[in-house]
Amino acid sequence: MAAGRALLCGAVMVLLPGFGQAQADFATAVHPILASRCAGCHAGEHPQAGLSFDSRETILKGGRSGPALVAGDSGASLMVRRITGAVTPRMPMGGAALSAAEIAAIRQWIDTGAVFPKEMSRAAPEEWNAPLAPRRPAVPEGVEPNAIDRFLAAYFAQRHRALPAVVEDDVYLRRVSYDITGLPPEAAAFARFRADRDPDKRIRLARSLLDDKTAYAENWISFWNDLLRNDEGVNYAGMRKSITDWLYPALLDNLAYDRMVATLVNPVGEDDPDGFLLGVNWRGDVNASQTPYMQAAQNTAQIFLGINLKCASCHDSFINRYKLKQSYGMAAMFAPGESLELVRCDVKMGVRTDPEFVFPELGAVPRNATLAERRAAAARLFTSPGDGRLARTMVNRVWQRLIGRGLVEPVDDMDARPWNPDLLDWLASDFAARGYDLKYLLLEIVSSKAYQMPSVGGAPDRTQSYEFRGPQRRRLTAEQFMDTVSAMTGEWRILQTKEESRYSREWRLKSTALTRALGRPIRDQVFTTRNEDATTLQALELMNGETLAKTLRRGARRLLNELPPAPPNRFDSGVMHKGSEPVDIDVTGKKQLWLLMEDAGSYDPSRSLAGWSGLTLDGPKGEVKLASLPTVSKFEARSLTVKGEKRDEVMGAPLDTTLVFNIDGMGYTRLRGEAVVDDSGKRDDIEAAARFFVFTEQPDRDELVRVSGGPPTPAPAPARDADALIDRLFLQAMGRRPDERERALARDFLQPAGAGAIAESGLEDFLWSLLMHPETQYID
């Protein structure tokens, strides 16, 4: 695709506006280092050497050796010289040295100003105490039908400004389609929507999109997967249990949010999501602040209340007001025992605490309660009518998702002052009064003028001096980007289960190098927002990565109706974690055998031992070992243990290996043997998952199993007319038709040198060029 990439390489540079140093994320990159490696000695009332890490001010002040850091200059900071060993003694004293990555994170934090969250969220100039109880302020007088806009009209009037005009129909159609369904509108939808003269057509459109239960659920489930640490297509050693079988139907049915929270915190039914409270322990219980019940305390407080307890799980927090005892009181609600001993920086304190909610004024947990009773109490307290924070936190998260910047920032610090407290409180109280209806909340926001204003470019302003001017221009999520590629080309990835194979949207599938580069997290922790900054890795994957290149190659052929049907497999073992599956297939008259061993989501594929055992061919001269036939593929004879029995001379190879044998004209009639996985695959640090296939002609590796059902969106008609194809792809990618210059460039792609037929390679380049354009990758 060299021609296409050269033509719009400039678009990539626009898409990646500089590679300047980004603001370090203190909460995720720096705080864990300070908390685990520094605060044990340098915090509290009597810090060693007089140096305290309780705040930015105390670090700047320093101790007996002087200031610990110089904001903006890591090279001049004593802290960096200590942790690198340039000045002795090296820190942390008596412990392992910090890794290169940890040192780099601290350097970046210092070089970008050494900002603490308190500085980013502190109210100015007046103090702010976040209320706990619900509050329903009066809606301001005005003519706007949507209450949100009346609050904003008053907000703008205070600043001597009028509400801006709303965006044009095409922009709104594209914006709301992505935000509700995660998919671009069909090309024909733009003309229909513009021609509609109904003054209520926008709210009617939003309702119709929300009524598409499947499209809505398959877009918003990525938001919930990030929040709830739920992932698809990934195996983890140790405890990790998917909650998709509960979460997806909950979104389809629009389960009330307070019921979702109660069920997550207190899963008592057979189909309830007990995987949420299990946490992630595939790295083992690293320290006392990472036990499963402490994770449950941290996660529930963060997700549902907007409280960061991670720092306070090791010691009294120096980034917010929460104490070690409060974290352990919350953890005791989910712990096996009736109380917990406090552990400060992995040192037991000899003090125990009973279960206690982080806001005890909402109610007490019965003494000597069983675990079931404590979980039930947690569900009751989180969803208490007096807990206005539950609704505020979710309203703020949804507002941030749709507008690009929260009413409160950071979204996990709901103690910070909102830029419009009355709007937040009214939305939260209305959300609760409407039965915690998530779709109603979405409809209220996307039908407001606040949502329909022209977008604001540049990095979101996260400071307390922020003024609302309109929605932030936002980048498509990784899942939305890949679903857009599929909707434009008809080339969808395939989900293979034990029961069936079907075309699938991106969220259901294991992440790829491309989607990880575009921001899809591995979800071993809570992700309440994704980093939308452009990176070098994204540019490399978009320009040269195999995932996108293969999708566009197949997509171009599919659009031209030149993608041949995939050959059927002759044997499919299904996903195997251990044991054996018999192979017995007719190969009469066949010319080749293709034997595939596919990784189906092993935790450690490199240590997953699998192979073909005892494969023989029946022929004119009797039985012949398949391994004795010549092959260009490489395999080795292995000894595996299967169901406790040793198997010798197993044809072994790494997973994702294909063995090809030529049997043309040899008269073989049957292939017999077994597909086997070694018993070691059951270990939780391996968790083998293999799938074996046999084909008698070259397989299509993207469609190893016959697909049932149709694609998530209607398949595009085969491309015949170049101009019609150009219009359709522009509309789906950018929400507009091309101008004359763009159309001429597109024709040069599709019909080089004036050729009549559309060129496959040119179409592939054209698709890539459209997808690299900022108008495609951003929601305007």
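Throughout this document, residue positions are counted from 1 along each chain, in the order its sequence is written. It should be noted that, the model being predicted, local features are given only for residues of pLDDT at least 70 and side-chain atom pairs only at 80 or more, the latter also being counted only at that level, while totals for whole chains, interfaces and linings use all residues. Note that the side-chain values use all heavy atoms of the structure and ignore hydrogens as well as water.

Description of the packing of aromatic side chains
Working definition: rings of Phe, Tyr and Trp (its six-membered ring) pair if their centres are within 6.5 Å, and the pair is stacked with planes under 30 degrees apart, edge-to-face with planes over 60 apart, and tilted otherwise. If you walk through the whole model with that rule in mind, you get 24 aromatic pairs. Residues Trp399 and Phe468 carry aromatic rings whose centres are separated by 6.4 Å and whose planes lie at 55° to one another, so their mutual orientation is tilted. You can see Trp399 sitting in helix H19 (residues 388-403) and its partner Phe468 sitting in the loop between helix H22 (449-452) and strand E3 (474-475), a full 69 residues away along the chain. Like Phe468, Trp399 is buried. Ring centres 6.2 Å apart and planes at 40° place the aromatic pair Phe730 and Phe766 in the tilted group. On the criterion of sequence distance, the pair formed by Phe730 in helix H27 (residues 722-734) and Phe766 in helix H29 (residues 760-772) is long-range, its members being 36 residues apart. Just as Phe730 is buried, Phe766 falls in that class too. By the ring-pair criterion, three or more aromatic residues cluster together here, those being Tyr155, Phe156, Trp399, Trp419, Tyr466 and Phe468. Just above the ring of Tyr451 sits the side chain of Arg175; from NZ or CZ to the centre is 5.7 Å. Geometrically, a charge over a ring is one whose NZ (Lys) or CZ (Arg) sits within 6 Å of the ring centre while staying within 35 degrees of the ring normal. One residue, Lys201, lies across the ring of Phe193, its end atom 4.7 Å from the ring centre. Starting at the N terminus, helices and strands are each numbered in turn, a helix being any DSSP run of H or I of at least four residues and a strand any DSSP run of E of at least two. Each residue gets one of three labels from its accessible area relative to the maximum for its type: buried under 20%, exposed over 50%, partly exposed in between, using a 1.4 Å probe on protein chains only.

Comments concerning the nonpolar core
For this analysis, a nonpolar core means a set of buried residues of the types Ala, Val, Leu, Ile, Met, Phe, Trp, Tyr and Cys, connected via side-chain atoms within 4.5 Å. Formed by 108 residues in total, the largest nonpolar core has its most connected members in Leu152, Trp224, Tyr257, Phe304, Phe357, Trp399 and Phe468. Among the nonpolar cores identified, the runner-up in size contains 33 residues, and Ala556, Leu560, Ile726 and Phe730 belong to it.

With respect to unusual backbone geometry
Of the consecutive residues Thr88 and Pro89, the connecting peptide bond is found in the cis state with omega at -5°. Within the secondary structure layout, Pro89 lies in the loop between helix H5 (78-84) and helix H6 (100-111). Phi is positive for Asn561, close to 60°, though the residue is something other than glycine. You can see Asn561 is positioned in the loop between helix H26 (546-559) and strand E6 (571-576). Residue class for Asn561 comes out exposed when judged on its relative accessible area of 55%. Despite not being glycine, Glu649 shows a phi value in the positive range, around 55°. Mapped onto the elements of the fold, Glu649 is located in strand E12 (residues 645-652).

Concerning the confidence of the model for the protein
Mean pLDDT over the protein stands at 89; residues scoring 70 or higher make up 92%. Scored from 0 to 100, pLDDT reflects the predictor's confidence in each residue. Pairs of residues are marked as contacts when any of their non-hydrogen atoms sit within 4.5 Å. In this model residues 119-125 is a low-confidence stretch, pLDDT under 50, and it forms 16 contacts with partners more than four residues away in sequence or in other chains.

Examining the sheet that holds strand E13 (residues 657-662)
The rule for pairing is simple: two strands pair if DSSP sees at least two bridges between them. Ordered in space as E6-E15-E8-E13, the four strands form an open sheet in which the pairing is antiparallel. One side of each edge strand has no neighbouring strand; the edge strands of this open sheet are E6 and E13. Across the sheet, the axes of successive neighbouring strands diverge by a mean angle of 10°, strand direction being ignored. As paired strands, strand E8 (residues 592-599) and E13 are joined by six bridges and run antiparallel to one another. Within the sheet, the bridge partner assigned to Gln592 lies in E13 and is Asn662. Helix axes are fitted only over the stretch in contact, all axes being lines through C-alpha atoms; the angle between N-to-C directions runs from 0 to 180 degrees.

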